[in-house]
Amino acid sequence: MDDLQHLFDNNNRWAERHKQQDPDFFLGLSRQQAPRYLWVGCSDSRVPANEIVGLNPGEIFVHRNVANLVIHTDLNCLSVIQYAVDVLKVGHIIVCGHYGCGGVSSAMSNQELGLIDNWLMDIKDLYHRNRSLVDGQPTETQRLDLLCELNVKTQAANVGHTAIIQNAWRRGQKVTIHGWIYSIQDGLLRDLGVSVSGQGQTSPIYHL
Ligand code: CO
């Protein structure tokens, strides 16, 4: 416990700061949450969702896993998306990857890491499907960064293919899916330009 006391000290100061700015800050939050955004990002400690986009508690709903994957059999991720869309009615879902992602890097190698290799298999498949494009990049860093971008685009598309989103669009609910990537080197986000906001922007095979 003793060696973690600084975390409680930090927490006290943090709560005080918020209460100084707005005495009812936590009281308001305790009554409801009404975030406008869902963030699906990587677990990497250098990519903290709230901080990067400058949002306070209550302003962004967050799901993070290794390599920001949206797998159609992952009940955890799907439950988060369903709650965010059906209950919280977020207007935007942001799938955000980051350059230099360790999960993506592992999937590009032949090293055996154990259980996580199964989790990362979708990225290995993605690499396999885009081998010539990715391997055509001049440096190892560029190859990794391109696969990080392709991964974000794939996962953003996966969100749009879920029955949750297809049904939301069909009943006229406004929700837009975005694919962004973050650079740990400069702290900046980039929009990968794959935003979709309706059924017409997804392949007919996914329509319900
Ligand atoms: Co990562």
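Report follows, based on the coordinates. (Residues numbered from 1 in each chain as written. Predicted model: local features only at pLDDT ≥ 70, side-chain atom pairs only at ≥ 80, totals over all residues. Heavy atoms only, no water.)

Comments concerning unusual backbone geometry
Moving on, step 1. At A67, a residue that is not glycine, the phi angle is positive and equals roughly 70 degrees.
Moving on, step 2. Mapped onto the elements, A67 comes out in the loop between β2 (60-65) and α4 (75-87).
Moving on, step 3. Residue class for A67 comes out buried when judged on its relative accessible area of 0%.
Moving on, step 4. At N68, a position not held by glycine, the phi torsion is positive, near 40 degrees.
Moving on, step 5. When you line up the elements, N68 lands in the loop between β2 and α4. (Helix = DSSP H or I, 4+ residues; strand = E, 2+ residues; numbered from the N terminus. Buried < 20%, exposed > 50% of the residue type's maximum accessible area, 1.4 Å probe, protein only.)

A short note on helix α7 (residues 121-129)
Moving on, step 1. When we look at burial in α7, the residues that qualify are I123, L126 and Y127. End-on view of α7: buried residues confined to an arc of 100 degrees, all on one side of the axis. Away from its buried face, by an angle of more than 90 degrees, α7 presents the exposed residues H128 and R129.
Moving on, step 2. Those residues of α7 hidden inside the fold are in contact with α5 (102-107), α8 (131-135) and α9 (140-161). (Arc of directions from axis to C-beta. Contact = heavy atoms within 4.5 Å.)

A word on the coordination of the cobalt ion
Moving on, step 1. Coordination of the cobalt ion by the protein comes from C42 (SG), H98 (NE2) and C101 (SG), over a distance range of 2.0 to 2.3 Å.
Moving on, step 2. Positions of the donor residues of the cobalt ion, expressed as sequence spacing, correspond to C-x55-H-x2-C.
Moving on, step 3. H98 sits in the buried class, given a relative accessible area of 1%.
Moving on, step 4. C101 sits in the buried class, given a relative accessible area of 1%. (Donors = N, O, S within 2.8 Å, 3.2 Å for Na, K, Ca; no water.)

As for the packing of aromatic side chains
The geometry of an aromatic ring pair is captured by the separation of the ring centres together with the interplanar angle, meaning the angle of the planes.
Moving on, step 1. Inspection of every chain in the model, using the stated rule, returns 3 aromatic pairs.
Moving on, step 2. Residues F25 and F26 carry aromatic rings whose centres are separated by 5.0 Å and whose planes lie at 80 degrees to one another, so their mutual orientation is edge-to-face.
Moving on, step 3. Given a relative accessible area of 27%, F26 falls into the partly exposed group.
Moving on, step 4. Here the aromatic cluster, defined as three or more aromatic residues joined through ring pairs, consists of W14, F25 and F26. (Phe/Tyr/Trp six-rings, centres within 6.5 Å; stacked < 30°, edge-to-face > 60°.)

A word on the pattern of salt bridges
Moving on, step 1. Under the definition given, this model contains 5 salt bridges.
Moving on, step 2. Salt-bridge contacts for R46 lead to D44; the nearest nitrogen and oxygen are separated by 2.7 Å.
Moving on, step 3. R46 gets classed as partly exposed once you look at its relative accessible area, which sits at 43%. (Salt bridge = Lys/Arg side-chain N within 4 Å of Asp/Glu carboxyl O.)

Here we look at the environment of D191
Moving on, step 1. Structurally, D191 is set in strand β5 (residues 188-191).
Moving on, step 2. When residues no more than four places from it in sequence are discounted, the contact partners of D191 are G179 and W180.
Moving on, step 3. Engagement of the side chain of D191 in a polar contact is seen with the backbone nitrogen of G193, the distance being 2.8 Å. (Polar contact = N/O pair within 3.5 Å; in protein donor to acceptor, adjacent residues only side chain to side chain.)

Focus on the nonpolar core
Moving on, step 1. Judged by nonpolar contacts, the single largest core of 44 residues is most densely connected at L38, I81 and I93.
Moving on, step 2. Of all the elements in the fold, those that place two or more residues in this core are β1 (37-42), α4, β3 (92-98), α5, α7, α9, α10 (163-170) and β4 (176-183).
Moving on, step 3. Setting aside its immediate chain neighbours within four residues, I93 contacts L38, V40, I81, V85, V159, I165, V175, T176, I177 and H178.
Moving on, step 4. Formed by 9 residues, the second largest nonpolar core is a distinct cluster that contains V47, I52, I60 and I94. (Core = buried A, V, L, I, M, F, W, Y, C linked by side-chain atoms within 4.5 Å.)

Things to note about the state of the cysteines
Moving on, step 1. Under the counting rule described, the total for this entry stands at 0 disulfides.
Moving on, step 2. Of the cysteine sulfurs around C96, a residue in no disulfide, the closest is that of C42, at 9.5 Å.
Moving on, step 3. Residue C96 is classed as buried on the basis of its relative accessible area, which comes to 0%. (Disulfide = S-S within 2.5 Å.)

Quick word on the packing of α7 against α9
Moving on, step 1. Following both chains from N to C, one finds α7 and α9 inclined at 110 degrees, their axes separated by 10 Å at the closest point. Here α7 is positioned roughly perpendicular relative to α9, judged by the angle of their axes. Relative to α9, the crossing made by α7 is right-handed. For the pair α7 and α9, the contacting residues are I123, L126 and Y127 in the first and L147, L150, N151 and T154 in the second. (Axes fitted to C-alpha atoms, helices over the stretch in contact; angles between N-to-C directions. Parallel < 35°, antiparallel > 145°, perpendicular 65-115°, else oblique. Left-handed = near helix turned anticlockwise from the far one by under 90°.)

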